[in-house]
Amino acid sequence: MSFQVFLFYLLAGLTGLCAISVVVTQNIVRAAAWLLFTLAGVSGILFFLGANFVGATQLLVYVGGTLVLVVFGVMLTAQGPFITMKTGAAEWAVSTLVGLLLYGVLATAILTRTKTNDFATGPATQQGGELTRSTVLGESLLGIEQATPKANVTGVPAEKRKDLPSKGERSPVGYLLPFEIVSVHLLVVLIGAAYLARTKRRRQAEGGQPAPRVEGS
Amino acid sequence: MSPTLAGFLAAFIAGFVLITFMLVSAIFAVWLERKVAARIQDRLGPTRVGGKFGWLQTLADGLKLLFKEDLVPRDADQVLFRIGPYIALAGSFLAFIVLPFGNGVVPVDLNIAVFFMLAVMSTEIFGVILGGYGSGSKWAVFGAMREAAQIVSYEVPMAICVLVPVIVAGTMSLSAFGHQQNGMFWNWFVFHDPFTFAAFWTYFTCATASCKRAPFDLAEAESELVAGFHTEYSGFRWLIFFMAEYGSMVAVSGIAILLFLGGWHTGLLPRPWAGDLSETFLGTFVGNVLNVLVFVMKCYLLVFVMMWVRWTLPRLRIDQVMMTCLKYFLPISCFLLLGVSLWQAALAPWWFKYPMALGCVGLFVAMVVKIVLTPSTLPVAGLSGMWNAPAPNYGLLPSPLPGKRE
Amino acid sequence: MPEEIGLNHYLLLGALLFVCGAVCMASKRNAIGVLMGVELVLNGATVNFVAFAHFNPAFVIEGQVFALFVIVMAAAEAAIALAIVLNFYNNHLTVDVDTAEELKG
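Please read all numbers here as calculations on a predicted model, not as lab measurements.

Our next topic: the nonpolar core. Within the largest apolar cluster, 164 residues are counted, with the highest numbers of intra-cluster contacts made by L174 and Y203 of chain B together with M36 of chain C. If one sorts the elements of this core by residue count, helix α10 (residues 236-259) of chain B sits on top with 15 residues. What Y203 of chain B contacts, discounting residues up to four positions off in sequence, is M158, C161, V162, V252, I255, A256 and F260 of chain B. Listed in part, the 6 residues of the second largest apolar core include Y175 of chain A together with I61, V65 and V72 of chain C.

The next thing to look at is the interface of chain C and chain A. Reports often express the size of an interface as the amount of accessible area lost when the parts come together. At the junction of the two partners, chain C supplies 72 residues and chain A supplies 85 residues. Remark: the boundary between chain C and chain A carries 7 residue pairs in polar contact (both at pLDDT 80 or more). When contributions to the side of chain C that touches chain A are tallied by element, the ones reaching two or more residues are α1 (7-27), α2 (31-55) and α3 (60-92) of chain C. At 24 residues, the largest contribution of residues to the side of chain C that touches chain A is made by α3 of chain C. Here the side of chain C that touches chain A is built from residues that sort into 52 nonpolar, 13 polar and 7 charged.

So, about helix α4 (residues 89-111) of chain A. Along its 23 residues, α4 of chain A runs 32 Å from first to last C-alpha, staying within 8% of the 33 Å computed at 1.5 Å per residue. Inspection of α4 of chain A places S95, G99, A107 and I110 of chain A among the buried residues, and these make up the whole buried set. Residues of α4 of chain A that are buried sit in contact with α1 of chain C.

A separate point is helix α8 (residues 194-210) of chain B. Residue and element names in this part refer to chain B. In this model, α8 (17 residues) spans 24 Å end to end at C-alpha, consistent with the 24 Å of a helix rising 1.5 Å per residue. Where burial is concerned, most of α8 is hidden: 12 out of the 17 residues are buried. Turning to α8, its buried residues are F195, T196, A199, F200, T202, Y203, F204, C206, A207, T208, A209 and S210. Looking one or two residues beyond α8, the residue adopting positive phi is K212, at roughly 55 degrees.

On to the interface of chain B and chain A. Residue-level contacts link 29 residues of chain B with 28 residues of chain A. Here chain B meets chain A over a buried area of about 2400 Å², counting both sides, of which 81% is carbon and sulfur. Three residues, F115, F126 and Y133 of chain B, lead the burial of chain B against chain A; their summed loss comes to 23% of the area buried on that side. Our count for the chain B to chain A interface comes out at 1 salt bridge.

In this section: the confidence of the model for chain A. All names here are of chain A. Chain-level statistics for chain A give a pLDDT mean of 74 and a share of 61% at 70 or above. Looking across chain A, the model is least confident in helix α5 (residues 134-142), with a mean pLDDT of 66, and most confident in helix α2 (residues 28-48), with 94. With pLDDT under 50 throughout, residues 117-131 is counted as low confidence; its partners more than four residues away or in other chains account for 23 contacts. In this model residues 152-162 is a low-confidence stretch, pLDDT under 50, and it forms 5 contacts with partners more than four residues away in sequence or in other chains.

As a further point, take unusual backbone geometry. The residue D42 of chain B is not glycine, and still its phi comes out positive at about 65 degrees. With respect to the element layout, D42 of chain B can be found in the loop between α1 (3-40) and α2 (57-66). Look at D42 of chain B and you get exposed, because its relative accessible area is 74%. A positive phi angle, near 60 degrees, is found at L93 of chain C, a position not held by glycine. By the element assignment, L93 of chain C lies in the segment after α3.

Residue and element names in this part refer to chain B. Between helix α5 (residues 125-134) and helix α6 (residues 138-169), the least distance of the axes is 8 Å, while the angle of their chain directions is 165 degrees. Classified by the angle between their axes, α5 and α6 sit roughly antiparallel to one another. Seen along the crossing, α5 lies across α6 with a hand that is left-handed. Contacts between α5 and α6 involve I125, V128, I129, G132 and Y133 from the former and A140, V141, A144, M145, E147, A148, I151, V152 and E155 from the latter. Of the residues in the contact of α5 with α6, the class split is 11 nonpolar, 1 polar and 2 charged.

What counts, and at which threshold
- Residues numbered from 1 in each chain as written.
- Chains lettered and ligands numbered in written order.
- Predicted model: local features only at pLDDT ≥ 70, side-chain atom pairs only at ≥ 80, totals over all residues.
- Heavy atoms only, no water.
- Core = buried A, V, L, I, M, F, W, Y, C linked by side-chain atoms within 4.5 Å.
- Buried < 20%, exposed > 50% of the residue type's maximum accessible area, 1.4 Å probe, protein only.
- Helix = DSSP H or I, 4+ residues; strand = E, 2+ residues; numbered from the N terminus.
- Contact = heavy atoms within 4.5 Å.
- Polar contact = N/O pair within 3.5 Å; in protein donor to acceptor, adjacent residues only side chain to side chain.
- Nonpolar A, V, L, I, M, F, W, Y, C, P; charged D, E, K, R; others polar.
- Expected span 1.5 Å × (residues − 1).
- Buried area = accessible area lost by both parts, 1.4 Å probe.
- Salt bridge = Lys/Arg side-chain N within 4 Å of Asp/Glu carboxyl O.
- pLDDT = per-residue confidence, 0-100.
- Axes fitted to C-alpha atoms, helices over the stretch in contact; angles between N-to-C directions.
- Parallel < 35°, antiparallel > 145°, perpendicular 65-115°, else oblique.
- Left-handed = near helix turned anticlockwise from the far one by under 90°.

Okay, structure coming up:
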């Protein structure tokens, strides 16, 4: 067994085990801890696949941002009886059955996948492992055409698409537009979340209206 | 030797060297902290263990901590209490994987090294949160939540300030940063343009806050919350937390040096003849040893500055800490990013770094000369002014001062 | 890069993460537990994308860019979901999803 195979099984085993622990554990704070290890394991898998930038982004955004947010939410709402909320046995049985069935369906689909002939053969490193450098990622976001290799994703050969002009006249598109959309989306989400979670003024208890609990955000 | 074993041995040796460096630097940093604190407070510090300067004091402290009773509080979350310190240590240790100490002296030469370091050091928060929550005491939870809010908030201006020299250099690879700053000291990026200069000070302050060092150490200071998130930790687990803290101090100093202060270059060798010590007549090995020594000394210089600031400035309150980040550092760092983008795109005079560098170094030298040449006045044995007036004699007891009898 | 670890290994891992996330969403009573399930599902999708990107050199960049977008979108969605959960907690003083039945029937 080579070192890489051993590393893969270690990483994948850790990730899978912690993912199962997230489901199984009843304590919500421990579930957050196992989720931390799962996300870190996924980041390791991404590094293992050579996607350095995506792996580092996973650590920075997911672990260092999203999960901290989730843990803060847990700390703000898990007071006393809400830390451990037990699920009934019947629900567990149905959920496990559904989960196993779903996994069976997915595994069957994966293992009986037919190899298409359109894909170029061989792993990515044989055909320029430099494609995973962050410079190329940035160039593809800016729309520099040489950085985005042509993929026969739709299954339709390129000559058949009549609606597009020929290659020489078509301007490079890149991924700039989705990137800008995502940036504006994040801004909107930031404003929306800050508004939703703001400190609310305590309503005076008049006319039978119960005053809502004031919660500092 | 099979490739499996070779790969495993290579990884093991690199990890072993890095963890040894981290532990030895933690030992040295603890001793340095006690000596610096002592001298600033006009006393001597450890002088007994290991000769006149107390070199082995930290070793003795470490041995004592190893023999302490391993306490786990009854109300603590048994699993989370135990794994908290190790998560902090892992987050701090992983940052050293991509930190180049010399020309090619780096375990993994990643193309996105600085991004990786920022990403990995942001996982240290979970050691704090899980350790604080897992302790089962309200002081620990408060301290951990304040600490986590502070670290997460300060990561944003820190990352933006890191982007400023990245724009100047055009790469995120720390080795390339080092290679671009070879030669004389005016090639260092801190002198490249006024925005990078300001970014250096802003980055250093945000990094100090992100390492939970004073003056931003409210969440772990003794007078505030007992000891914050590590209140219930004693013995070996406390030692792990502190190794993580000193390790991340060295790591952020390393980033500051590579991004701004010229990396492993001395800054005194002119570029055409001898840009890098390892490319001179000294050869690769001896040159790289000297490079590593220069880098480590610069690291400890910045760590010394962090300690100096800790024992000089008073502590900020937690609302002042958050206000400083969100109302001051964040707009400042955004402005610096904008400024350096404009500088690189349009306004850059290529000759700017020479007057900037010579001006800054000249100012520094003038300051040092003034401090050195100012005659020091020894404190007079006695009080001055109104405190010298004799105590009034109320007629009941003889006056305590000699020769002042009524 | 490993030659013996094929695409199927990564796809099976992605499927495992997906199924764990789905079961987590279905079986947790804590609203934040459900949110953790959503995170797991998105991570499974990320692993799948990057695995396809690695083993097919025709869309290396597409796979990684989409994985980046998935990560960023997941962060945005987690922020909004937590704001909603906090509002729910403010109004009902509980995060039990079984008590969220005011619009029922």
